[in-house]
Amino acid sequence: IALLGIASLATLITPFIAIFAKKCTAVAGSIFCASIGIVYTSSALLVESCRNEILLALFVTVALFGALTLLFALNLIKVTQKFKSVSYITLSALLLTGILLVVSLFVPALSGPVSAIMANPLISIGLSVISIMIASMFVLTDLQNVRDAVNNQVPKSYEWYGAFGIIFSVIWLFAEVLSLISKIKN
């Protein structure tokens, strides 16, 4: 339990260190990856009913990542500046919607209707599908960033930053797939 608590705290702090202190990305990114692994593994061990869902989410995530990487490598999906802009705008809209939903829960006139809407399983599943699509877009964006770094011969120190971007997006994709599987099961 103590290790789970420490790992949970590390998963909250280390991404910001890796993103904003680029020279620390190798260490912070590695700690983040190990910590997120501990969190999901501990969850599977502590909540036995989640074991199958986590394994299925892992399989689906690996399959999605493999398919995205293959499509990207074969140039069947091209990540242009417009694609990146749409990715960031879509993510911003999703985050803003989430913030507005949380704030509306504290407004008495809105809390009932918002809770009723969010309790609708079709809306909940739909939002999960949209989140998976956005996470997939960011996997592709990170792959393009690494390709651009290689083509532009950026310094070696960027390798860790690029790798951290990909693994962060894959973990986000995994979390969204797991959320969707849990919603469908319930």
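Chains are numbered independently. Their residues run from 1 in the order of the written sequence. The predicted origin of the model limits local features to residues at a pLDDT of at least 70 and limits the giving and counting of side-chain atom pairs to 80 or more, whereas totals for whole chains, interfaces and linings rest on all residues. Based on all heavy atoms of the structure, the side-chain values leave hydrogens and waters out of the count.

## Some remarks on the confidence of the model for the protein
Detailed reading of predicted coordinates is not advised where the pLDDT is low. Of all residues in the protein, 100% have pLDDT values of 70 or greater, and the mean over the chain is 86. pLDDT is a per-residue confidence score from the predictor, ranging from 0 to 100. Numbered from the N terminus, helices here are DSSP runs of H or I no shorter than four residues, and strands are runs of E no shorter than two. Mean pLDDT values for the elements of the protein range from 77 in helix α5 (residues 108-119) up to 91 in helix α6 (residues 121-151).

## A closer look at the pattern of salt bridges
Note on definitions: salt bridges are taken to be side-chain nitrogens of Lys or Arg within 4 Å of carboxyl oxygens of Asp or Glu. For the structure shown, the criterion picks out 2 salt bridges. Among the ionic pairs, Glu-53 bridges to Lys-185, the shortest N-O distance being 3.2 Å. With Glu-53 in helix α3 (residues 51-73) and Lys-185 in helix α7 (residues 158-185), this pair connects stretches of sequence that are 132 residues apart. Across the pair Lys-84 and Asp-148 runs a salt bridge whose closest N-O atoms are separated by 3.7 Å. One end of the pair, Lys-84, is in helix α4 (residues 81-104); the other, Asp-148, is in helix α6, with 64 residues separating them in the sequence.

## Looking at unusual backbone geometry
Positive phi is not limited to glycine here, since Asn-75 has a value of about 60°. One can find Asn-75 in the loop between α3 and α4. Even without being a glycine, Gln-153 presents a positive backbone phi close to 50°. Along the chain, the position of Gln-153 falls in the loop between α6 and α7.

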